[in-house]
Amino acid sequence: MAQPIRVTVWNEFYHEQHLDIVKQVYPDGIHRALAGYLEQQPGLEVTTGTLYDPQHGLPDEVVERTDVLIWWSHMKDGEVPDELVDKLYKRVMEGMGAIFLHSASGSKLFRRLMGTGGGGKWREAHEKERLWVLKPGHPIVSGIGEYIELPHEEMYGEPSNIPEPDELLFMSWFEGGEVMRSGNVYTRGKGRVFYFRPGHEEYPTYYNKDILRVIENAVRWAAPSTEPPQITTGNVSSLEPIKGVRRDWRGNPLE
């Protein structure tokens, strides 16, 4: 029997404790809404962590055993220690999958992996969002129709300071007219990364069956391969004899 995919759902967990409107939507936190669904799916072993747990919910033993990390953060991401970001960055480069949701595009970890800053247009106006599927054959959109429609969401719009993806799976259209690259696939080192835009804390987006299906699909897609790619680094010998004369920086032949 194949080993289960070990998933860690990490959530800042600030809004749910301090804002009544968010507490009503996610009384146990966004992390528990996501974990509650994923725990019911075959082949997944789910752990949760938050900023306010001991060691910020990500002690070394959890970081080392995680196959796929799901990350939601916003207001308090600056309190995530840089040392923890370094550890998570290293794990992604080694092959751990990472899924960033909504405002996590501005997180220290995402910006470190992407080599760019977060930010762009936004608006909270309770408007409709329609996420159009651009790559119907991709495993992350398996079981999804032509689009996902959300009755209310926060708008994120282009131009956005998110790098061009390896593949673009979703393009969002908002009732106010803006569009946004909303399902972005990246490779960093040996790790697979997926950014999925929807998920403002005031809306029940993470109870939507299609949104949850996409996140589940992304977990399975991002999980490390049983045969990860071998990457050679450092000084290497040539595969074939090299003809020619080696020279120093002045152009003089070297023996």
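Calculation criteria
- Residues numbered from 1 in each chain as written.
- Predicted model: local features only at pLDDT ≥ 70, side-chain atom pairs only at ≥ 80, totals over all residues.
- Heavy atoms only, no water.
- Helix = DSSP H or I, 4+ residues; strand = E, 2+ residues; numbered from the N terminus.
- Buried < 20%, exposed > 50% of the residue type's maximum accessible area, 1.4 Å probe, protein only.
- Areas by Shrake-Rupley, 256 points an atom, 1.4 Å probe, with all protein chains shown as cover.
- Lys, Arg positive; Asp, Glu negative; His and termini not counted.
- Charge placed at Lys NZ, Arg CZ, Asp CG, Glu CD.
- Phe/Tyr/Trp six-rings, centres within 6.5 Å; stacked < 30°, edge-to-face > 60°.
- Patch = residues over 30% accessible without salt bridge, like charges linked within 9 Å, V, L, I, M, F, W, Y side chains within 5 Å.
- Salt bridge = Lys/Arg side-chain N within 4 Å of Asp/Glu carboxyl O.
- 1 Å grid on protein atoms, 1.4 Å probe; cavity = no way out; pocket = protein on both sides within 12 Å on 5 of 7 lines; lining within 4 Å.
- Points joined across faces, edges and corners; volume = space filled by probe spheres on them.
- Nonpolar A, V, L, I, M, F, W, Y, C, P; charged D, E, K, R; others polar.
- Axes fitted to C-alpha atoms, helices over the stretch in contact; angles between N-to-C directions.
- Parallel < 35°, antiparallel > 145°, perpendicular 65-115°, else oblique.
- Contact = heavy atoms within 4.5 Å.
- Expected span 1.5 Å × (residues − 1).
- Polar contact = N/O pair within 3.5 Å; in protein donor to acceptor, adjacent residues only side chain to side chain.
- Core = buried A, V, L, I, M, F, W, Y, C linked by side-chain atoms within 4.5 Å.
- Pairing = 2+ DSSP bridges.

*Asks:* With reference to specific residues and values, describe the overall build of the chain.
*Replies:* A tally of regular secondary structure across the chain gives 7 helices and 9 strands. Out of the 255 residues in the chain, the part that is buried amounts to 49%. When the accessible surface of the chain is totalled, it reaches about 13,200 Å², and 50% of it is carbon and sulfur. Each charge class in the chain can be summarised by its mean position, and for the 28 positive and 38 negative side chains these summaries are 7 Å apart.

*Asks:* Run through the packing of aromatic side chains, naming residues and quoting values.
*Replies:* Scanning the entire structure with this criterion turns up 9 aromatic pairs. Ring centres of Tyr26 and Tyr206 lie 6.3 Å apart, and the angle between their planes is 45 degrees; this geometry places the pair in the tilted category. Pair noted here: Tyr26 is in the loop between α2 (20–25) and α3 (30–38) and Tyr206 is in the loop between β9 (191–196) and α7 (209–222), with a separation of 180 residues, a long-range link. Overall, the relative accessible area of 0% leaves Tyr26 in the buried class. Residues Phe170 and Phe196 carry aromatic rings whose centres are separated by 5.5 Å and whose planes lie at 45 degrees to one another, so their mutual orientation is tilted. Within this pair, whereas Phe170 is found in strand β7 (residues 167–174), its partner Phe196 is found in strand β9, the two being separated by 26 residues in sequence.

*Asks:* So, a nonpolar patch on the surface: which residues are in play, and what are the values?
*Replies:* Judged by side-chain polarity, Trp132, Leu134 and Tyr147 come together as a nonpolar surface patch covering roughly 270 Å² of accessible area. Along the chain, Leu134 turns up in the loop between β5 (120–133) and β6 (147–160). Relative accessible area serves as the criterion here: at 38%, Leu134 is assigned to the partly exposed category.

*Asks:* Before we move on, can you summarise the pattern of salt bridges with the specific residues and values?
*Replies:* For side chains bearing opposite charge, pairing can occur when the charged atoms are close. For the structure shown, the criterion picks out 19 salt bridges. Where Asp67 meets Arg6, a salt bridge forms, and the shortest distance between an N and an O atom there is 3.2 Å. Residue Asp67 is found in the loop between α4 (60–65) and β3 (68–72), and its partner Arg6 is found in strand β1 (residues 5–11); the two are separated by 61 residues along the sequence. Of the residues examined, Asp67 reaches a relative accessible area of 14% and is grouped as buried. Ionic pairing is found between Lys209 and Asp210, a salt bridge with its closest N-O pair at 3.4 Å. What makes Lys209 exposed here is its relative accessible area of 63%.

*Asks:* Explain the layout of surface pockets to me, and be specific about the residues and the numbers.
*Replies:* Roughly 410 Å³ of internal volume is contained in the largest pocket. What lines the largest pocket is a set of 27 residues, among which His74, Ser103, Trp122, Glu154 and Tyr156 lie closest to the centre. Looking at the lining of the largest pocket, the elements with two or more residues in it are β5 and β6. Taken together, the residues that form the lining of the largest pocket break down as 7 nonpolar, 14 polar and 6 charged.

*Asks:* A description of the packing of α3 against α7 should follow, citing residues and the corresponding values.
*Replies:* Packed helix pairs are specified by the crossing angle of their axes together with the interaxial distance, meaning the distance between the axes. Axis separation between α3 and α7 bottoms out at 10 Å; the angle between their running directions is 70 degrees. On the basis of their axis angle, the class for α3 and α7 is roughly perpendicular. Residues Leu34, Tyr37 and Leu38 of α3 touch α7, and the partners they reach there are Leu212, Arg213, Ile215 and Glu216.

*Asks:* Kindly report on the environment of Phe196, identifying the contributing residues and their values.
*Replies:* A relative accessible area of 0% places Phe196 in the buried class. With sequence-adjacent residues up to four places away left out, Phe196 is seen in contact with Phe100, Leu101, His102, Leu131, Phe170, Ser182, Ile211, Val214 and Ile215.

*Asks:* An account of α7 is needed here, citing residue identities and associated values.
*Replies:* Along an α-helix, residues three or four apart share an orientation, since each turn contains 3.6 residues. Here α7 spans 20 Å end to end across 14 residues, near enough to the 20 Å set by a 1.5 Å rise per residue. Turning to α7, its buried residues number three or more, namely Asp210, Ile211, Leu212, Val214, Ile215, Glu216, Asn217, Ala218, Val219, Trp221 and Ala222. With a side-chain oxygen positioned 2.9 Å from the backbone nitrogen of Asp210, the residue opening α7 is Asn208.

*Asks:* I'd like a rundown of the nonpolar core, residues and numbers included.
*Replies:* Buried together is how nonpolar side chains tend to be arranged in soluble globular proteins. Counting residues in each nonpolar core, the largest one holds 40 residues, and the members touching the most others are Leu34, Ile70, Leu101, Phe170, Phe194, Phe196 and Tyr206. When residues of this core are assigned to their parent elements, the largest contribution, 8 residues, is made by α7. Ignoring sequence-local partners within four residues, the contact set of Leu101 consists of Leu34, Ile70, Trp71, Trp72, Tyr195, Phe196, Tyr206 and Ile215. Listed in part, the 28 residues of the second largest apolar core include Leu88, Ala104, Leu113 and Met180.

*Asks:* Pulling in residues and values, what's your account of the pairing of β1?
*Replies:* Taking burial as the measure, the 7 residues of β1 include 6 buried ones, the bulk of the element. Examined bridge by bridge, β1 and strand β2 (residues 44–50) share 7 bridges and lie parallel to one another. Bridge pairing in β2 places Trp10 opposite Gly49. Here β1 pairs with β3 via 5 bridges, running parallel. By the bridge assignment for β3, Thr8 is matched with Leu69.

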